[in-house]
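Here are the chains, one letter per residue:
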Amino acid sequence: MNLDSLSQRQRAILAFIRVQLDETGYPPTIREIGEACDIASTSVVNYNLNKLVDGGFITRTPDKSRGIRINKDKDATVLEVPFRFAEDRNIIPVPMVGRIVASAPVPHPGDDFGYYYDTDDVIQVPRMMLGAADQEQVYALTVSGQSMIDSMISDGDVVILRRQEVARNGEMVAVWLSERNETTLKHFYDEGARVRLQPANPTMAPIYVDKDKIQVQGRVLAVWRKVN
């Protein structure tokens, strides 16, 4: 991988690491990189650092907060890259971490709701869509299916969620059905010993699940609608 293959953000991070090493003799922390490159999310910084590792530009020591070094064969090119660039602080990058079914649930083995994601799989959303949610806890999923159509969510739309493990009655949540090894998007209702997962489509029946067989993964904050 060469320098031309890096995104603007990755070039900025790489250049700042070089500047920090030159000025202080030690590499920056993830938060220092975020502040210098106007990246609010530490998870986004971490993702791009891992991309630089994959490209052979840097090496990281996972158990050290400053465990970053630039590989010698890449060192000469880094100084040519400016590291500061402006971002609209009212626009927040939200990672697109996969798909979720809004119909009858389907197998989604090994689903971790995308702790790892691609640069191309980030959507820029207005900060106001997140409300008071911590940006570090927000992610997005593409909806597959029509079971939430009466909640104005169609196949191909994107839902923006906040990670959480509990839900109130009526909230729209992404849930993991552990016994079935399946995920789905539904309205949540606690009915005592069991949970009712209610679709927003009159042609579809609710799903009933024992409480110990369900894990709430996140609550829907907003919908990013597909434009035909």
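Not measured: the values here are computed from a predicted model.

1. Describing the nonpolar core
I13, I17, I33, L49, L52 and I58 are the most contacted members of the largest nonpolar core, which has 19 residues in total. Going through the elements one at a time, α1 (8-24), α2 (30-36), α3 (42-54) and β2 (68-70) are the ones with two or more residues in this core. Element by element, the count of residues in this core is highest for α1, at 6 residues. When near neighbours in sequence (up to four residues on either side) are disregarded, I58 contacts L14, I17, L49, L52, V53, I68, R69, I70 and N71. Formed by 15 residues, the second largest nonpolar core is a distinct cluster that contains L141, L161, A174 and L185.

2. Topic: unusual backbone geometry
Of note in this structure, M152 is not a glycine but carries a positive phi near 65°. Along the chain, the position of M152 falls in the loop between β6 (138-144) and β7 (158-163). Positive phi outside glycine occurs at N181, with the angle close to 60°. Mapping N181 onto the fold places it in the loop between β8 (172-177) and β9 (182-190). Here N181 falls in the partly exposed class, since its relative accessible area comes to 32%.

3. Re the environment of S43
When you line up the elements, S43 lands in helix α3. Placed 13 residues apart in sequence, S43 and I30 show a C-alpha to C-alpha distance of 8.9 Å.

4. Let's talk about the confidence of the model for the protein chain
Do not read the predicted coordinates in detail wherever pLDDT is low. Of all residues in the protein chain, 82% have pLDDT values of 70 or greater, and the mean over the chain is 80. Mean pLDDT values over the elements of the protein chain span from 48, in helix α4 (residues 75-78), up to 96, in strand β10 (residues 194-198).

5. Quick notes on the pattern of salt bridges
Under the criterion given, the structure shown has 7 salt bridges. The shortest N-O distance in the salt bridge between E32 and R66 comes to 2.9 Å. With E32 in helix α2 and R66 in the loop between β1 (58-60) and β2, the pair connects residues that are 34 residues apart, well separated along the chain. Residue E182 pairs with R180 through a salt bridge whose shortest N-O separation is 3.9 Å. Its relative accessible area of 42% is what places R180 among the partly exposed residues.

6. What about the packing of α1 against α3?
As a packed pair, α1 and α3 sit with axes 10 Å apart at the nearest point and diverge in direction by 85°. Taken as axis vectors, α1 and α3 run roughly perpendicular relative to one another. In this structure, α1 contributes R9, Q10, I13, L14 and I17 to the contact, and α3 contributes V44, N48, L49, K51 and L52. For the contact of α1 with α3, a count of residues per class yields 6 nonpolar, 2 polar and 2 charged.

7. Some thoughts on the packing of aromatic side chains
The geometry of an aromatic ring pair comes down to the distance between the two centres and the angle between the two planes. Within the structure shown, the criterion is met by 0 aromatic pairs. The ring of Y189 has R196 sitting right over it, with the charged end atom 4.3 Å from the ring centre.

8. Here we look at α3
Helix length check: α3, at 13 residues, gives a terminal C-alpha distance of 18 Å against a target of 18 Å (1.5 Å per residue), a fit within 8%. Those residues of α3 that fall on the buried side of the exposure criterion are T42, V44, V45, Y47, N48, L49 and L52. Here the buried face of α3 lies against α1, α2, β1, β2 and β3 (91-101). Remark: G56 follows α3 within two positions and exhibits a positive phi of approximately 85°.

Conventions adopted
Residues numbered from 1 in each chain as written. Predicted model: local features only at pLDDT ≥ 70, side-chain atom pairs only at ≥ 80, totals over all residues. Heavy atoms only, no water. Core = buried A, V, L, I, M, F, W, Y, C linked by side-chain atoms within 4.5 Å. Buried < 20%, exposed > 50% of the residue type's maximum accessible area, 1.4 Å probe, protein only. Helix = DSSP H or I, 4+ residues; strand = E, 2+ residues; numbered from the N terminus. Contact = heavy atoms within 4.5 Å. pLDDT = per-residue confidence, 0-100. Salt bridge = Lys/Arg side-chain N within 4 Å of Asp/Glu carboxyl O. Axes fitted to C-alpha atoms, helices over the stretch in contact; angles between N-to-C directions. Parallel < 35°, antiparallel > 145°, perpendicular 65-115°, else oblique. Nonpolar A, V, L, I, M, F, W, Y, C, P; charged D, E, K, R; others polar. Phe/Tyr/Trp six-rings, centres within 6.5 Å; stacked < 30°, edge-to-face > 60°. Lys NZ or Arg CZ within 6 Å of the ring centre and 35° of its normal. Expected span 1.5 Å × (residues − 1).

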